[in-house]
Amino acid sequence: MTKVLYILEKVIVMMSSANPSAPRSRGVLTMTVLAAALSAVSQPTPKTLASLIASGVPETGARLLLHVTPVLLIIGALVFGRVLGRGRAKTTRWMIYALLGAVAGFGTAYCLDLLIGVPSTIAAINGPMREPDDLDVILWAIGSLMMALAAMLTAVAAIGSPAAYAISIEEDADPEAYDVRRSERRMFGVSAAALVMTGIAYVSLAVARQSEAAAVVAPVVVASVAAVASLALNIVLWRALDEMQRRTVISGYALSAIAATIAAFGWALVQATGNAPPIDGSAALVFLSITQLIVTSFATIATGHAAPGKST
Amino acid sequence: MKNQLRVLRAQRGWSQADLAEQLKVSRQTINALETGRYDPSLQLAFTIARHFGLKIEDVFEPDSPT
């Protein structure tokens, strides 16, 4: 998981800055196009669609509404985040973006079953899958997030600065932060590959959990191979980090370990009182992954190791 | 720890990315050094000082004790 912090640092650098004399970023436009594309390949959530129709909305109108609303929610979160975050510290700005993003994400999930063709394609290859439970949905979401981040990094690795400007969601862009050199582009490529492998591992784990007993072996093998590949790529990445980046990674994961230990202790106490279920392996993985993502992101932003706004 | 990195770099007309490339570190590291958010290892501090042809104490100055 070394790459998670490194990649977040890189993405944060590119997605945030505040230099009034700098070129305009294009993140809102890019995110709008991506949101529209995501909406186009998704289907309205049956339950929400049914409740809209039951409330008197014509079916065509209801379908249209459920496709359009997520796009508006995502644009709204970005624009509103900019307005609320204007003039505030980077940590505050990103907390605002995270909060608004969570609202937009929740609203999107309420409106659309995302990437509906993917599970059905996998089912056609590997056999029928049961409906996902909450844990499966989170595994799918983490895996998809990893692959979406990988797509952005692949673009930066392939074309450099223009892609960096394209994913910047804040109003102004610091030219120095977007000066992506050839050596950095290679790193972005390795990061993207590591993220894809991690994403595949998470999604394959979800598929294994949802598959019938006779069809579990294939997704488990895919998940294992992807995890080993991700580990190897992370080692490559770690070797390429400089001393400050390594120190940031270590600090982030030290904080994650503390947070995870405290939370696990709290869970154990609540479980001892009979008010929480036992945690299985997948739940522990999800718990650790989310803790690491949140804590390392916060540590990266808070320590300001990726603070292009301060560069001159 | 305070340092003169930004001034020294500006005197030579180098961008952060230029200096990062010369020192074989990331641009983020140069940025963090200049803004005082990262104190380099002794090895990196010596490398930076030698790169500018200066003594380490001409580039870096420890915070005064409070």
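Above this text sits the structure in question.
First, a word on what this report is: a plain description of the structure on this page. Nothing here was measured: the structure is a model prediction, and the numbers come from that model. (Residues numbered from 1 in each chain as written. Chains lettered and ligands numbered in written order. Predicted model: local features only at pLDDT ≥ 70, side-chain atom pairs only at ≥ 80, totals over all residues. Heavy atoms only, no water.)

**Re the overall build of chain B**
And step 1. Scanning chain B from N- to C-terminus turns up 5 helices and 2 strands.
And step 2. The C-alpha atoms of chain B give a radius of gyration of 11 Å, which matches the 11 Å a tight globule of 66 residues would have.
And step 3. When burial is assessed residue by residue, chain B has 44% of its 66 residues classed as buried.
And step 4. Nonlocal contacts in chain B, meaning residues at least 24 apart in sequence, comprise 53% of its contacts between residues at least 6 apart.
And step 5. Approximately 3,600 Å² of chain B is accessible, and the part contributed by carbon and sulfur atoms is 52%. (Helix = DSSP H or I, 4+ residues; strand = E, 2+ residues; numbered from the N terminus. Rg over C-alpha atoms; globule rule 2.2 N^0.38 Å. Buried < 20%, exposed > 50% of the residue type's maximum accessible area, 1.4 Å probe, protein only. Contact = heavy atoms within 4.5 Å. Areas by Shrake-Rupley, 256 points an atom, 1.4 Å probe, with all protein chains shown as cover.)

**Focus on the nonpolar core**
And step 1. Core analysis: the largest hydrophobic core is formed by 32 residues, its most contacted members being Val156, Ile169, Phe188 and Leu195 of chain A.
And step 2. Among the secondary structure elements, those contributing two or more residues to this core are α2 (27-40), α5 (90-111), α7 (134-159), α8 (161-167) and α9 (182-210) of chain A. (Core = buried A, V, L, I, M, F, W, Y, C linked by side-chain atoms within 4.5 Å.)

**Digging into helix α10 (residues 217-240) of chain A**
And step 1. Taking 1.5 Å per residue, 24 residues should reach 34 Å; α10 of chain A reaches 35 Å between its end C-alpha atoms and fits that length.
And step 2. Three or more residues of α10 of chain A are buried, namely Pro219, Ala223, Ala226, Ser230, Asn234 and Leu237 of chain A. (Expected span 1.5 Å × (residues − 1).)

**Side note on the pattern of salt bridges**
Pairs can form between side chains of opposite charge once their charged atoms are near each other.
And step 1. Applying the stated criterion to the full structure yields 8 salt bridges over all chains.
And step 2. Arg209 of chain A serves as the salt-bridge partner of Asp280 of chain A, at 3.8 Å between the closest nitrogen and oxygen. One end of the pair, Asp280 of chain A, is in the loop between α11 (243-272) and α12 (281-303); the other, Arg209 of chain A, is in helix α9, and 71 residues separate them in sequence.
And step 3. Put simply, Arg6 of chain B and Glu34 of chain B hold a salt bridge, and the shortest N to O gap is 3.4 Å. A residue pair is termed long-range when its members are at least 10 positions apart, and Arg6 of chain B in helix α1 (residues 5-11) and Glu34 of chain B in helix α3 (residues 27-34) qualify at 28 residues.
And step 4. On the accessibility criterion, Glu34 of chain B (11% relative accessible area) is buried.
And step 5. Because the salt bridges share partners, they merge into one network encompassing Arg130, Asp133, Asp136, Arg209 and Asp280 of chain A. (Salt bridge = Lys/Arg side-chain N within 4 Å of Asp/Glu carboxyl O.)

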